[in-house]
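Residues per chain, in single letters:
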Amino acid sequence: MSMRPHTDRRGFTLVELLIALVLSAVVVTAALTWLREQEKAFSLGDARMKVTGNLRFAVSSLERDLRTAGAGVPGGQPWLVYASTEAVAFNADYVTSDANDLFAVYNDPAAPPASTTALNAARRITIPRSTFGYPDTSYLDSGGNSEAETIVFYFEPDTSTVRSDDWVLRRKVNDMAPAVVARSILPTPGKPFFQYMAAADTNSAQIDSLPAARLPVQHSVRLHGAATDTGAVATIDRIRAVRVNFTATNGATGAKQQSRVVSRIVRLPNAGIGSITTCGEAPQLGAGFAAARSTPVTVDPSVTLTWSPAVDENAGEKDVLRYVVWRKTTAGADWGDPYLSVPAGSAAYIYVDRNVAVGTQYFYALAAQDCTPSISAFATAAPVFP
């Protein structure tokens, strides 16, 4: 009778099974925790990428286009049309569909014809986020319609999202439908979307912030450089830079919201640039400058300045571009910075200064300026009380 060897057929004990289950649970829990953290990190990275992409595209679009303001704009057509805390409108020969056009900033064969030439009175639009209508005339260049179109950037509340505080940045060309530049934008607390920096006068190189109380400003004079396009009305012509402020988000709310704040100054290199011609010696002003209390006297006091064209405007070198006016309230040799400038080109000149106070004595001086730019000797008017 043969004997089989003894075999131990025992399995896991209950204690060993419990230990194995606990260890498995720990490993699975750790793995799930790691996966959740990775998911959170991925979601956070994705949210940050959305914010960064949103911000970069909005800023690059604003910088790229605003810097072209005034490019290829003929005389008479304003380069800056409207400026407020929520909208900025400007003219530029931005794009052309004509391969032989060497003056536009960009060439796009597929550009719609309506986006490659200037607006005229028949295509008058209301600037978004305003009640200002533009233009009320047509602008010509070499006998034809100007090639400089009107571009508007504006922020407005976004009604397409679930958030009640979302804004959207849009871009509009002429009278075409606006395009969305960026969504999920919030106002930066304490700062408007657009701020502006302006020169002290049209000839000054020094710029400073334009107070918010002065906004909005608009080019209400039909022709840029006209005799009436001066003084307070021409404030918009003195703007030299735009500061853009906003907060870009990923569109989420609460703890899931990611945001970045941006504040960027965009300089306007074409601002105030005009056609330069060959100039000779300093211009001769001539005589006839006078300042007088405006009559009849109204509720609002004013002083009327009058003068005749300079000798070199219609004769001689014929290079007078503008007339510069100084004003002060005290006697003395120092006239300080210019008060205003008036473009040349009129048969006779009249400027009404309404920014005066009753009982204050005012002193005025005038000089002609050519394209050098050199100025003539000063002509002074007798002191006047409004």
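Refer to the preceding data block for the structure.
Residues numbered from 1 in each chain as written. Predicted model: local features only at pLDDT ≥ 70, side-chain atom pairs only at ≥ 80, totals over all residues. Heavy atoms only, no water.

Q: Is there a simple way to explain the overall build of the protein chain in this structure?
A: The number of helices and strands found in the protein chain is two helices and 23 strands. Taking all 386 residues of the protein chain together, the buried fraction comes to 42%. Within the structure as shown, the protein chain displays about 21100 Å² of accessible surface, and the carbon and sulfur contribution to it stands at 56%. (Helix = DSSP H or I, 4+ residues; strand = E, 2+ residues; numbered from the N terminus. Buried < 20%, exposed > 50% of the residue type's maximum accessible area, 1.4 Å probe, protein only. Areas by Shrake-Rupley, 256 points an atom, 1.4 Å probe, with all protein chains shown as cover.)

Q: What is the right way to look at a nonpolar patch on the surface in this model?
A: A cluster of nonpolar side chains, L14, L17, L18 and L21, forms an exposed patch at the surface whose accessible area comes to about 410 Å². The partly exposed category is assigned to L18, whose relative accessible area is 46%. (Patch = residues over 30% accessible without salt bridge, like charges linked within 9 Å, V, L, I, M, F, W, Y side chains within 5 Å. Salt bridge = Lys/Arg side-chain N within 4 Å of Asp/Glu carboxyl O.)

Q: Explain the pairing of strand 18 (residues 303-307) to me, please; I cannot follow it from the model alone.
A: On any regular strand, side chains alternate: one points to one face of the sheet, the next to the other face. Of the two faces of strand 18, only one is covered, namely that formed by V303, L305 and W307; the face formed by T304 and T306 stays uncovered. By the bridge criterion, four bridges tie strand 17 (residues 290-293) to strand 18 in an arrangement that is antiparallel. Along strand 18, the bridge assignment pairs A292 with T304. Direction of pairing for strand 18 relative to strand 21 (residues 349-353): antiparallel, over a ladder of five bridges. Within strand 21, the residue paired with V303 across the bridge is D353. (Pairing = 2+ DSSP bridges.)

Q: What exactly am I supposed to notice about the sheet that holds strand 22 (residues 363-370) here?
A: Spatially, the four strands line up as an open sheet ordered 20-19-22-23, and their pairing is antiparallel. The strands lining the two open edges of the sheet, one partner per strand, are strand 20 (340-343) and strand 23 (379-380). In the sheet, strand 19 (residues 320-328) pairs with strand 22 via eight bridges, with the strands oriented antiparallel. Its bridge partner lying in strand 22, W326 is registered against A365.

Q: Even after reading the chapter, I still don't get the packing of aromatic side chains, so can you show me in this structure?
A: Aromatic ring pairs: the centre-centre distance and the angle between the two ring planes describe each pair. Under the counting rule described, the total for this entry stands at twelve aromatic pairs. With centroids separated by 5.0 Å and ring planes inclined at 55°, the aromatic side chains of W167 and F193 adopt a geometry described as tilted. Placement of W167 in strand 10 (residues 167-173) and of F193 in the loop between strand 11 (179-186) and strand 12 (194-199) is noted, with a sequence separation of 26 residues between them. For the pair W167 and F193, one class covers both residues: buried. The ring of Y339 carries R327 above its face, with NZ or CZ at 4.3 Å from the centroid. (Phe/Tyr/Trp six-rings, centres within 6.5 Å; stacked < 30°, edge-to-face > 60°. Lys NZ or Arg CZ within 6 Å of the ring centre and 35° of its normal.)

Q: I tried to follow empty space enclosed by the protein on my own but got confused; where do I start?
A: One way to see where empty space is left: roll a probe the size of a water molecule over the atoms. Scanning all chains against the criterion turns up one cavity of 30 Å³ or more. In this structure, the largest cavity occupies an estimated 40 Å³ of space. Here the lining of the largest cavity is built from residues that sort into six nonpolar, three polar and no charged. (1 Å grid on protein atoms, 1.4 Å probe; cavity = no way out; pocket = protein on both sides within 12 Å on 5 of 7 lines; lining within 4 Å. Points joined across faces, edges and corners; volume = space filled by probe spheres on them. Nonpolar A, V, L, I, M, F, W, Y, C, P; charged D, E, K, R; others polar.)

Q: Quick question: what am I supposed to make of the nonpolar core here?
A: Note that soluble globular proteins tend to have their nonpolar side chains buried in a common cluster. Formed by 41 residues in total, the largest nonpolar core has its most connected members in F153, F194, Y196, I239 and F246. Those residues in contact with I239 that lie beyond four places of it in its chain are W79, L80, A83, Y196, M197, A198, L210, V217, L268 and A271. A291, Y323, V356 and A381 belong to the second largest nonpolar core, which has 22 residues in total. (Core = buried A, V, L, I, M, F, W, Y, C linked by side-chain atoms within 4.5 Å. Contact = heavy atoms within 4.5 Å.)

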